[in-house]
Amino acid sequence: RKRDDVDIETLEAQVEELDPKATQTNFSDLPLSGPTMEGLKSASFTTLTDIQSKAISLALKGNDILGAAKTGSGKTLAFLVPVIENLYRSQCVGADAGLGAMVIAPTRELAFQIFDVLCKIGRYHNIAAGVVAGGKSFKEEADALARMNIVVCTPGRILQHLSQTAAFSVDNLRMLVLDEADRILDMGFSKDVDAIIEYLPPDRQTLLFSATQTKKVGDLARLSLKDPEYVSVHEKA
Ligand code: ADP
Ligand code: MG
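Residues numbered from 1 in each chain as written. Chains lettered and ligands numbered in written order. Predicted model: local features only at pLDDT ≥ 70, side-chain atom pairs only at ≥ 80, totals over all residues.

(A) Quick peek at the site of ligand 1. Lining the immediate surroundings of ligand 1 are 13 residues, of which Thr 71, Ser 73, Gly 74, Lys 75 and Thr 76 lie closest. Broken down by element, the residue count for the shell around ligand 1 peaks at 3 residues, all from helix H4 (residues 75-89). Partitioned by chemical class, the residues of the shell around ligand 1 number 4 nonpolar, 8 polar and 1 charged. (Near = placed C-beta within 6 Å. Helix = DSSP H or I, 4+ residues; strand = E, 2+ residues; numbered from the N terminus. Nonpolar A, V, L, I, M, F, W, Y, C, P; charged D, E, K, R; others polar.)

The structure is reproduced here in structure tokens:
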């Protein structure tokens, strides 16, 4: 058997045994793949932030998550690490694997920021990722989408592709991330997000992160999440 297969089996067993309530301090305390550990190391990420410590193990184990933590608490890695790892362990990466994960952000700028972090920590993986947030021609985006394993996108633009790009398939999609859900809703994207969710396979894993817990976020959580684990980090008094 290939070495990768053996590594993945070992990782699967470690994730299975992982106690999500145990407190980890470092990324190296988590059952993460070699390429991810290398990527984190090369970007000098060693210690977990609070939200990362609480959310990553739950997400590695496949739970849906409703996460709340203020800006600057490290939410990006809290979802990107499990996205990369869960796709890697299920071998949904590489040229023919199709789109495995969709990360939705409120703005083009934020989508590019998330993509930058993804490129840094995912650099040793064979994962194809891209941004679909307008600014490029629709055709260019559609061609690029056909090769992606992970897309970071804004709601309006990805919905346009879902409804207009015949070749765009989300049949293999396993993970949906809604980042800054409160801002997505404040910006009036509620209907777009509802429509996007209608296109996606219902048996996916969904991670929803928000800086604040509003009624609208609660409504979206009820629509998009299944038996979510609530993960929140409060400021120390
Ligand atoms: P949020 O999305 O919660 O606002 P970010 O994910 O943008 O937070 O992270 C905020 C800052 O903290 C970024 O500069 C990021 O590089 C840094 N950061 C995140 N996680 C870690 C970590 N585990 N160790 C060191 N710095 C981190
Ligand atoms: Mg953020």
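(B) Looking closely at the sheet that holds strand S1 (residues 65-68). Sheet architecture is open: 7 strands sit in the order S3-S4-S2-S5-S6-S1-S7, paired in parallel fashion. The open sheet has two free edges, formed respectively by strand S3 (129-132) and strand S7 (229-232), since each of these has just one partner strand. Adjacent strand axes in the sheet meet at a mean angle of 15 degrees, parallel and antiparallel pairs treated alike. In this sheet, strand S5 (residues 175-178) lies alongside strand S2 (residues 101-104) in parallel orientation, the contact comprising 4 bridges. Residue pairing for S5: Ile 104 is matched across the bridge by Leu 178. Helix H10 (residues 215-224) rests against S1, S5 and strand S6 (205-210) of the sheet, and its axis sits at about 175 degrees to S6. (Pairing = 2+ DSSP bridges. Axes fitted to C-alpha atoms, helices over the stretch in contact; angles between N-to-C directions. Contact = placed C-beta atoms within 7 Å.)

(C) Region of interest: the pairing of S6. Where burial is concerned, most of S6 is hidden: 6 out of the 6 residues are buried. Both faces of S6 are covered, namely the face carrying Gln 205, Leu 207 and Phe 209 and the face carrying Thr 206, Leu 208 and Ser 210. When S1 meets S6, the two strands line up parallel, connected through 4 bridges. Note on S6: the bridge partner recorded for Ile 65 is Leu 207. Looking at chain direction, S5 and S6 are connected through 4 bridges and run parallel. (Buried ≥ 20, exposed ≤ 12 C-beta atoms within 10 Å, placed from the backbone.)

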